[in-house]
Amino acid sequence: TPDKMPPLKGDLLVHAEGSKEGRPVRLEDLSIQLVRAWPMGKNENGEDVIRKGDPNNILALYRFPQGQLVAPTNLEATINGQVVAYSDVCTHAGCSVSDSDVNAGEMRCPCHSGQYDPKRGAVVTGGPPPRPLAQLPITQQGENLVVSGFFLTYPYPFTSKEEWESHI
Ligand code: FES
């Protein structure tokens, strides 16, 4: 069903929590603080459907000052080399990853202290996660954010690229 489909090209990103929940994320809403979002697509009747039927569709958005996002982040898949989207699902056991409360612009998983660096492709910087968070290609449409392709690597809970690709 459309609400369980993974993020698809053309999906609009909408706020997943807070006072703007369900509303489109605008570039001005973003900073080095994590903003959680859902992809929103259409059903067969052309009506908007937020894809939150699968909790693993939750996304993490950041906007960094120019020059701070570096490899292995795929800059082609960011907006202006500043705005980046990742799966917000920890690759260790699937918890939702949060901001680090120690270092701004870093991520920490509340479950077993996995750490990721969202400026460097969400590489693992500590704890048990086996691999980076999957980066989702995005583009700008006016002030809104739109998905522009599939995850660049496979997201949790998949255990291989093949398994992920057979799901989509
Ligand atoms: Fe994130 Fe274990 S689920 S560190």
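Only a predicted model underlies this, so the values are computations on that prediction, with no experimental measurement involved.

A. How the structure looks around the overall build of the protein. Of the regular secondary structure elements, the protein holds one helix and twelve strands. Ordered by position in the sequence, the α and β elements of the protein form the string β-β-β-β-β-β-β-β-β-β-β-β-α. Computed over its C-alpha atoms, the radius of gyration of the protein comes to 15 Å, within 12% of the 15 Å expected for a compact globule of 168 residues. On the principal axes, the C-alpha backbone points of the protein span a range of 45 × 35 × 30 Å. Looking at the protein as a whole, 46% of its 168 residues are labelled buried. Side-chain charges in the protein split into 15 positive and 20 negative, and the spacing between the mean points of these groups amounts to 2 Å.

B. How the structure looks around empty space enclosed by the protein. Overall, the coordinates contain one cavity of 30 Å³ or more when judged by the stated rule. Along the lines of polarity and charge, the residues of the lining of the largest cavity split into eight nonpolar, three polar and two charged.

C. Here's a closer look at the packing of aromatic side chains. Inspection of every chain in the model, using the stated rule, returns three aromatic pairs. Ring geometry for tyrosine 62 and phenylalanine 64: centres 5.4 Å apart, planes at 10°, overall stacked. Across the pair, exposure class does not vary: tyrosine 62 and phenylalanine 64 are buried alike. An aromatic cluster of three or more residues is present, and its members are Phe151, Phe158 and Trp164.

D. Spotlight on the pattern of salt bridges. Using the criterion set out here, one finds ten salt bridges in the structure. Glutamate 106 serves as the salt-bridge partner of lysine 119, at 3.3 Å between the closest nitrogen and oxygen. Here lysine 119 is found in the loop between β8 (115-117) and β9 (123-126), whereas its partner glutamate 106 is found in the loop between β6 (98-99) and β7 (107-108), with 13 residues between them in sequence. When sorted by exposure, lysine 119 lands in the same class as glutamate 106, which is buried.

E. Fine view of unusual backbone geometry. Note the cis peptide between alanine 71 and proline 72, where omega equals 5°. Examined against the element boundaries, proline 72 turns out to sit in the loop between β4 (59-63) and β5 (83-87). Phi is positive for asparagine 80, close to 60°, though the residue is something other than glycine. Along the polypeptide, asparagine 80 turns up in the loop between β4 and β5. A positive phi angle, close to 55°, is found at alanine 122, a residue other than glycine. With respect to the helices, strands and loops of the structure, alanine 122 is situated in the loop between β8 and β9.

F. Summary view of the environment of glycine 142. Mapping glycine 142 onto the fold places it in the loop between β11 (138-141) and β12 (144-147). For the pair glycine 142 and leucine 27, spaced 115 residues apart in sequence, the C-alpha to C-alpha distance is 9.1 Å.

G. Spotlight on the state of the cysteines. Taken as a whole, this structure holds one disulfide when the rule is applied. In this model cysteine 95 forms its disulfide with cysteine 111; the gap between the sulfur atoms is 1.9 Å. Measuring the twist about the S-S bond at about -95°, one finds the cysteine 95-cysteine 111 disulfide to be left-handed. Taken as a pair, cysteine 95 in the loop between β5 and β6 and cysteine 111 in the loop between β7 and β8 lie far apart in primary sequence, 16 residues in all.

Rules and cut-offs
Residues numbered from 1 in each chain as written. Predicted model: local features only at pLDDT ≥ 70, side-chain atom pairs only at ≥ 80, totals over all residues. Heavy atoms only, no water. Helix = DSSP H or I, 4+ residues; strand = E, 2+ residues; numbered from the N terminus. Rg over C-alpha atoms; globule rule 2.2 N^0.38 Å. Buried < 20%, exposed > 50% of the residue type's maximum accessible area, 1.4 Å probe, protein only. Lys, Arg positive; Asp, Glu negative; His and termini not counted. Charge placed at Lys NZ, Arg CZ, Asp CG, Glu CD. 1 Å grid on protein atoms, 1.4 Å probe; cavity = no way out; pocket = protein on both sides within 12 Å on 5 of 7 lines; lining within 4 Å. Points joined across faces, edges and corners; volume = space filled by probe spheres on them. Nonpolar A, V, L, I, M, F, W, Y, C, P; charged D, E, K, R; others polar. Phe/Tyr/Trp six-rings, centres within 6.5 Å; stacked < 30°, edge-to-face > 60°. Salt bridge = Lys/Arg side-chain N within 4 Å of Asp/Glu carboxyl O. Disulfide = S-S within 2.5 Å.

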